[in-house]
Amino acid sequence: MPLLYTDYMNAIVPHCLSPILQPDESGIAQACAILQDEGIVALPTETVYGLAGKALSSVALSKIYEAKNRPANNPLIWHVHSLEKARSLFAYDALSIANKRRLERLARSFWPGPLTIVAQKSSSIDCALATIAVRIPQTAVTREILRRCDFPLAMPSANISTRPSPTKASHVLKTLDGRIDAILDGGDCEGGLESTVIVLGEETIKILRPGLLSAAAIEAALGETIVRTASLEDVLCSPGQAYLHYAPQVQKIALIQADDAAQFWRSDATFIGRTSTIDELARKEGPRPAPALTMALGDTPIFFAKELYQALYAAEKHKERDLVLLTPPSGDEWAAVIDRLSRAAGMR
Ligand code: TXA
Ligand code: MG
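Residues numbered from 1 in each chain as written. Chains lettered and ligands numbered in written order. Predicted model: local features only at pLDDT ≥ 70, side-chain atom pairs only at ≥ 80, totals over all residues. Heavy atoms only, no water.

### Some words on the overall build of the protein
So, step 1. Along its length, the protein carries 12 helices and 16 strands.
So, step 2. A compact globule built from 348 residues should have a C-alpha radius of gyration of about 20 Å, and the protein, at 20 Å, falls within 12% of that.
So, step 3. Reported as C-alpha extents along the three principal axes, the dimensions of the protein are approximately 65 × 55 × 30 Å.
So, step 4. For the protein, the residues scored as buried account for 56% of the 348 residues in total.
So, step 5. Across the protein, the fraction of contacts at a sequence separation of at least 24, relative to all contacts at a separation of at least 6, is 66%. (Helix = DSSP H or I, 4+ residues; strand = E, 2+ residues; numbered from the N terminus. Rg over C-alpha atoms; globule rule 2.2 N^0.38 Å. Buried < 20%, exposed > 50% of the residue type's maximum accessible area, 1.4 Å probe, protein only. Contact = heavy atoms within 4.5 Å.)

### With respect to unusual backbone geometry
As a rule of thumb, non-glycine residues mostly have phi less than zero, and peptide bonds are mostly trans rather than cis.
So, step 1. Following Trp111, the chain continues to Pro112 via a peptide bond in cis, the omega torsion being -5°.
So, step 2. If you trace the backbone, Pro112 turns up in the loop between helix H4 (97-110) and strand E7 (115-120).
So, step 3. A positive phi angle, close to 55°, is found at Asn69, a residue other than glycine.
So, step 4. Counting through the fold element by element, Asn69 comes out in the loop between helix H2 (58-68) and strand E6 (77-79).
So, step 5. Non-glycine residue Asp150 carries a positive phi angle of around 60°.

### Description of the pairing of strand E12 (residues 205-209)
So, step 1. Burial analysis of E12 places 4 of its 5 residues in the buried class, which makes it a mostly covered element.
So, step 2. As judged from the 4 bridges shared by strand E11 (residues 196-200) and E12, these two strands associate in the antiparallel manner. By the bridge assignment for E12, Ile198 is matched with Ile207.
So, step 3. Counting the residues that bridge the hairpin from E11 to E12 gives 4 residues. (Pairing = 2+ DSSP bridges.)

### Section: the sheet that holds strand E4 (residues 41-43)
So, step 1. Here we have 10 strands laid out as an open sheet, ordered E3-E10-E4-E5-E9-E6-E8-E7-E11-E12, and mixed in their pairing. Only two strands of the sheet have a single neighbouring strand rather than two, namely strand E3 (20-21) and E12.
So, step 2. On top of the sheet, H2 reaches strand E5 (50-54) and strand E9 (153-154); it is set at about 155° to E5, its chief contact.
So, step 3. Those strands touched by helix H7 (residues 215-222) are E7, E11 and E12, and its axis lies near 155° from that of E12. (Axes fitted to C-alpha atoms, helices over the stretch in contact; angles between N-to-C directions.)

### Brief notes about the packing of helix H1 (residues 25-36) against helix H5 (residues 140-149)
So, step 1. Following both chains from N to C, one finds H1 and H5 inclined at 50°, their axes separated by 10 Å at the closest point. Here H1 is positioned oblique relative to H5, judged by the angle of their axes. Crossing angle aside, the handedness with which H1 passes H5 is right-handed. Each of Glu25, Ile28, Ala31, Cys32 and Leu35 in H1 lies in contact with H5, whose residues at this interface are Val141, Glu144, Ile145, Arg148 and Cys149.
So, step 2. Of the residues belonging to the contact of H1 with H5, the class tally is 7 nonpolar, no polar and 3 charged. (Parallel < 35°, antiparallel > 145°, perpendicular 65-115°, else oblique. Left-handed = near helix turned anticlockwise from the far one by under 90°. Nonpolar A, V, L, I, M, F, W, Y, C, P; charged D, E, K, R; others polar.)

### Considering the sheet that holds strand E15 (residues 294-296)
So, step 1. Reading across the sheet, the 4 strands line up as E13-E16-E14-E15 and stay open at both edges, with parallel pairing between neighbours. The outermost strands of the open sheet, each flanked by one partner alone, are strand E13 (253-256) and E15. Between one strand axis and the next, the sheet turns through 15° on average, direction left out of account.
So, step 2. The sheet contact formed by E13 and strand E16 (residues 323-326) spans 4 bridges and is parallel. Its bridge partner being in E16, Leu255 is matched across the sheet by Leu325.
So, step 3. Where helix H11 (residues 301-315) meets the sheet, it contacts strand E14 (270-273), E15 and E16, and its direction lies at approximately 170° from that of E14.

### A closer look at the pattern of salt bridges
So, step 1. Going through the model one piece at a time under the given rule, you end up with 18 salt bridges.
So, step 2. Among the salt bridges present, the one from Arg163 reaches Glu316, with a minimum N-O distance of 2.6 Å. Taken together, the residues Arg163 in the loop between E9 and helix H6 (169-176) and Glu316 in the loop between H11 and E16 connect sequence positions 153 residues apart.
So, step 3. Arg163 sits in the buried class, given a relative accessible area of 12%.
So, step 4. The class for Glu316 is buried, based on a relative accessible area of 8%.
So, step 5. Asp188 is the partner of Lys168 in a salt bridge, and the nearest nitrogen-oxygen pair spans 3.0 Å. Here Lys168, found in the loop between E9 and H6, pairs with Asp188, found in the loop between strand E10 (182-184) and E11; they are 20 residues apart in sequence, far enough to count as distant.
So, step 6. Linked by salt bridges that have partners in common, Glu25, Glu144, Arg147 and Arg148 make up one network. (Salt bridge = Lys/Arg side-chain N within 4 Å of Asp/Glu carboxyl O.)

### Examining the confidence of the model for the protein
So, step 1. Taken residue by residue, the protein gives an average pLDDT of 91. The fraction at 70 or more is 91%.
So, step 2. Within the model, the stretch residues 1-12 combines pLDDT values under 50 with 36 contacts to residues more than four positions away or in other chains. (pLDDT = per-residue confidence, 0-100.)

### Some points on the packing of aromatic side chains
So, step 1. Going through the model one piece at a time under the given rule, you end up with 2 aromatic pairs.
So, step 2. The interplanar angle of 85° and the centroid separation of 5.2 Å between the aromatic rings of Trp265 and Phe271 together place this pair among those described as edge-to-face.
So, step 3. The exposure class of Phe271 is buried, given its relative accessible area of 0%.
So, step 4. For the pair Phe304 and Trp334, a centre-to-centre distance of 5.6 Å together with 80° between the ring planes defines the contact as edge-to-face. Of the two residues, Phe304 is situated in helix H11 and Trp334 in the loop between E16 and helix H12 (335-344); the sequence distance between them amounts to 30 residues.
So, step 5. Classification of Phe304 by relative accessible area gives buried; the value is 0%.
So, step 6. You can call Trp334 buried: its relative accessible area is 3%.
So, step 7. Over the aromatic face of Phe151 sits the side chain of Lys54, whose NZ or CZ is 4.7 Å from the ring centroid.
So, step 8. Between Arg87 and the ring centre of Tyr92, over which it is positioned, the NZ or CZ distance is 5.9 Å. (Phe/Tyr/Trp six-rings, centres within 6.5 Å; stacked < 30°, edge-to-face > 60°. Lys NZ or Arg CZ within 6 Å of the ring centre and 35° of its normal.)

Put into C-alpha cells, the structure is as follows:
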C-alpha cells in the first residue's frame, strides 16, 4: 500500500513506493535486515543522506550504481563505526610512520564526523583502485546500524547522479522513490553539505573535495599545511569531482556577483544568496515582482551550507524560471559552498 509523505513545502508526494522507516528499534532492525540481504537503504548522516549497501557485496554495489545512475568509475566511500575497523580497510602497516600519525590524529580530532580519508587500501579488499576512502559518520541511528551490521557500508549521497544531494528524507524520495528498498527518516541533516575528502599521499596531504570540515581545522589538527586545490591529475583519481553535480532542474542557472544582479532582480528569476546580500539588493533595487521566489540563506558558511541543497530543490518548484545564485565572499571557510554553487551552475 503506497504511503503518503509530507513534502518539505507541505505539498503531498502522492505515492511513495520505497517504505519509510522510523529511527526507532523497529526501523533500525528492518534497515539491518535489508542491508544483510544485500539490499539498499537511504540513511541519514550529519552531512547528507547516504544510499547504503554492503560494501563487500558486488550485488549491493551494483544496486547502488544502478539506482543512482552513477558512472561505474566513480568510487564509493566506505563507512564504518570504529577506528579499528577503519584501520583494517587501509594497508595500515604499509603506511609511512608520518601517515600513520596523521591518520591517528585526524581520526582522534574529527571522527565520527564529516571527514573522509583516502589512503592506500588493504590487500584484502578487491577493487580496481589502489586506494580506499573511509569515514565514520556521526548520526547516532546510522552508527547504530553500522555497529549492528558490523560490516562496512558503501554510502554515496542518496540522489540520482547530477542532482543536488538530499538533506531530508523527502529529497531522497524525489529522485530515488521506487528505486531503493527503504528510507530511514532521521529528519534534517545537521550539516547539509558533504564531508571533506582528503588524501594521505607520500609527499603531500591534499583536499580532493572541499566539504563541511574546513582546511584550516585539518591543518590545525595536523600541525602542517595541506594542499587545498585538487589538480587535474587529482580529479582523475577522484572521479566524482569531474562530473556535473548538484544541478537543480530549472531553466538556466547563473552564479553572479551581487553587483551584476540588478537586471534579474526585477524579473521572475529565483534568487539564492546570503541574507545580507539579498537585503542590500532590496535596499538598492526595491521589492521584487510578486511571483518571484527569493531565498536568503544566512550569512555564515554553516547556516548557508545547511540550507543550500534544500534551496536548490525548492527552486525546482519553478522549473520554467531562471535561477540566480549570488556569489558569497571568497575565503577558506566558504570554499565548500562556492565549490557546490559553481558545480550547480555548471562552471566546473
Ligand atoms: O558526506 C559524504 O561524504 C556523503 C555521506 C553519505 O557520507 N557521501 C558522499 O559520497 O558524498 P559521494 O559518493 O557522493 O562522494 C564520494 C566522493 C566522490 O567524489 C568520489 O570520487 C570520491 O569521494 N572517492 C571515493 N573513493 C575514492 C578514492 N579511493 N580515491 C579518491 N576519491 C574517492
Ligand atoms: Mg554525491
